[in-house]
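Residues per chain are reported as follows:
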Amino acid sequence: MVLLNTLGLSKKYGDGEAQITALDRVSLSIEKGEFLSVMGASGSGKSTLLNLLGGLDNPTEGEVLYHGQNIFDMDDNTLSRFRLKTIGFIFQAYNLIPELTVRENILVPKEIAKEKTDEKRFTEIVGSLGIGDRLGHRPAQLSGGQQQRVAIARALINQPEILLCDEPTGNLDQKSGENVMQILKMLNSEYGITILMITHDENLAGQTTRMVLISDGKIEEMGANHG
């Protein structure tokens, strides 16, 4: 079943001769339960695609369809709720709030949604990510790998259907990066979360169920399932 797809998605910046086409009429379907990797050189349009899929930016033209509904036809409140409840974002830079503890950082989406924390689910998430003994720490007291696990926990707290990951291992050493990749594979296989991951690492892309190559804002090729 197609969960999220784009139709003729384009994004341009600037005007006239200075105009840059970051994404050029991209059509892509993401199946429910898929783990899709998007590879491409710096400036190829990968992050632009991810930002549009998550409703963080508006396209110049084209559509992003979630269960067949164009997310850019949603009113502001509905789109905000889509970003908060349906999508989990994981970035290269972690984007943790330095003044907050690990527990508080993880629960930021709950605060925004004005929802009570399901303590059982919270305990399950931090336990599966191996950060249960770090809940009172602040980000500066954690390693890069631990900070990324906190960022993953934060992305999971509202039970999203889809995780959008922008170079999630980019700031990590090889061992920490491999650990994060194992966590993502577990979330996909055991929890059925649909994942789209941007990466420049062929080894990581080869571990996903499908790989897409993007170049100059266009999808060049789609690899077969790797299993």
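Here is what the cut-offs are and how they apply
Residues numbered from 1 in each chain as written. Predicted model: local features only at pLDDT ≥ 70, side-chain atom pairs only at ≥ 80, totals over all residues. Heavy atoms only, no water. Helix = DSSP H or I, 4+ residues; strand = E, 2+ residues; numbered from the N terminus. Buried < 20%, exposed > 50% of the residue type's maximum accessible area, 1.4 Å probe, protein only. Contact = heavy atoms within 4.5 Å. Core = buried A, V, L, I, M, F, W, Y, C linked by side-chain atoms within 4.5 Å. Polar contact = N/O pair within 3.5 Å; in protein donor to acceptor, adjacent residues only side chain to side chain. Salt bridge = Lys/Arg side-chain N within 4 Å of Asp/Glu carboxyl O.

## Section: the side chain of lysine 110
Along the chain, lysine 110 turns up in helix 4 (residues 108-113). Under the relative-accessibility criterion, lysine 110 is labelled buried at 11%. Setting aside anything within four residues of it in sequence, one finds lysine 110 in contact with Glu115, Lys116, Thr117, Ile157 and Asn158.

## A word on the nonpolar core
By size, the foremost hydrophobic cluster in this structure holds 33 residues, and its most contacted members are Ile106, Ile152, Leu163, Leu184 and Leu187. Breaking this core down by element, the ones donating at least two residues are helix 3 (102-106), helix 5 (119-128), helix 6 (144-156), strand 7 (162-166), helix 7 (174-191) and strand 8 (194-199). Discounting chain neighbours no more than four positions away, the residues touching isoleucine 152 are Ile90, Leu129, Val180, Ile183 and Leu187. Counting residues in hydrophobic clusters, the runner-up holds 27 residues, among them Leu9, Ile30, Val64 and Ile198.

## Here's the deal with the side chain of asparagine 188
Here asparagine 188 lies in helix 7. You can call asparagine 188 buried: its relative accessible area is 11%. Only 2.9 Å separates the side chain of asparagine 188 from the backbone oxygen of isoleucine 193, close enough to count as a polar contact. With sequence-adjacent residues up to four places away left out, asparagine 188 is seen in contact with Gly33, Glu34, Phe35, Ile193 and Ile195.

## Points about the pattern of salt bridges
Taken as a whole and judged by the stated rule, the model has 10 salt bridges. Residue arginine 25 pairs with aspartate 24 through a salt bridge whose shortest N-O separation is 3.2 Å. Classification of arginine 25 as exposed rests on a relative accessible area of 57%. We note a salt bridge from arginine 103 to glutamate 119, for which the minimum N-O separation is 2.6 Å. One end of the pair, arginine 103, is in helix 3; the other, glutamate 119, is in helix 5, with 16 residues separating them in the sequence. Using a relative accessible area of 28% as the deciding quantity, one classes arginine 103 as partly exposed. Glutamate 119 sits in the partly exposed class, given a relative accessible area of 38%. Each of Arg81, Lys85, Lys110 and Glu115 takes part in salt bridges that share partners, so that together they form one network.

## Overview of helix 1 (residues 46-53)
The element helix 1 is largely enclosed, with a buried count of six among its eight residues. All of the buried residues in helix 1 are Lys46, Thr48, Leu49, Leu50, Leu52 and Leu53. Phi turns positive, to about 70°, at glycine 55, one or two residues after helix 1.

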